[in-house]
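Fold and geometry: a report
Each chain, letter by letter, is given below.
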Amino acid sequence: MQALSNAKPGENYTIKWMFGVPAVLEFLHSHNVEEGSTIRLVQRCRNSVIIGVQDARFVLENEVADRIKV
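Report follows, based on the coordinates. Only a predicted model underlies this, so the values are computations on that prediction, with no experimental measurement involved.

**Here we look at the sheet that holds strand 5 (residues 56–61)**
Judged by pairing direction, the sheet is antiparallel, and its four strands sit side by side in the order 1-3-4-5 without closing on themselves. Either end of the sheet is taken by a strand with one partner, and the two such strands are strand 1 (12–14) and strand 5. Along the sheet, successive strands turn relative to each other by an average axial angle of 35 degrees, direction set aside. Of the strand pairs in this sheet, strand 4 (residues 48–53) and strand 5 are connected by six bridges, and their pairing is antiparallel. Among the inter-strand pairings, Val49 is bridged to a residue of strand 5, identified as Leu60.

**Here's the deal with unusual backbone geometry**
Not every positive phi belongs to a glycine, and Asn32 is a case in point at roughly 65 degrees. The backbone of Gln54 sits at a positive phi, close to 55 degrees, despite the residue not being glycine. For Gln54, the position within the fold is in the loop between strand 4 and strand 5.

**Topic: a nonpolar patch on the surface**
A contiguous nonpolar surface patch, about 360 Å² in accessible area, is contributed by Met1, Trp17 and Phe19. Following the sequence through the fold, Phe19 ends up in the loop between strand 2 (17–18) and helix 1 (22–30). By relative accessible area, Phe19 is classed as partly exposed at 43%.

**A look at the pairing of strand 4**
If a strand is regular, its side chains alternate between the two faces of the sheet. Buried residues dominate strand 4, accounting for five of its six residues. Where strand 3 (residues 38–44) lies against strand 4, four bridges are found, and the strand directions are antiparallel. Residue pairing for strand 4: Gln43 is matched across the bridge by Ile50. Between strand 3 and strand 4, which pair antiparallel in sequence order, lie three residues.

Criteria and thresholds
Residues numbered from 1 in each chain as written. Predicted model: local features only at pLDDT ≥ 70, side-chain atom pairs only at ≥ 80, totals over all residues. Heavy atoms only, no water. Pairing = 2+ DSSP bridges. Helix = DSSP H or I, 4+ residues; strand = E, 2+ residues; numbered from the N terminus. Axes fitted to C-alpha atoms, helices over the stretch in contact; angles between N-to-C directions. Patch = residues over 30% accessible without salt bridge, like charges linked within 9 Å, V, L, I, M, F, W, Y side chains within 5 Å. Areas by Shrake-Rupley, 256 points an atom, 1.4 Å probe, with all protein chains shown as cover. Salt bridge = Lys/Arg side-chain N within 4 Å of Asp/Glu carboxyl O. Buried < 20%, exposed > 50% of the residue type's maximum accessible area, 1.4 Å probe, protein only.

Now the structure itself:
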């Protein structure tokens with residue numbers, strides 16, 4: 001298990017667990033980013049990652065991505 005911020009871009013991952021600020025978690029859950037869901041790590045940037053979930057793309061700061069384990 002590793003932090004999403006350390007994962008290899010271009011791969012699909014299953015979220016094992018996640019924690020953080022309730023408002024951020026609520027936003028992610030409302031967009032089908034939750035434990036057990038599959039996401040694609042599109043790109044890793046200096047201070048953020050881009051993930052793909054279904055037909056949507058999101059930018060997450062490394063602080064948030066560090067709290068998502070895949």
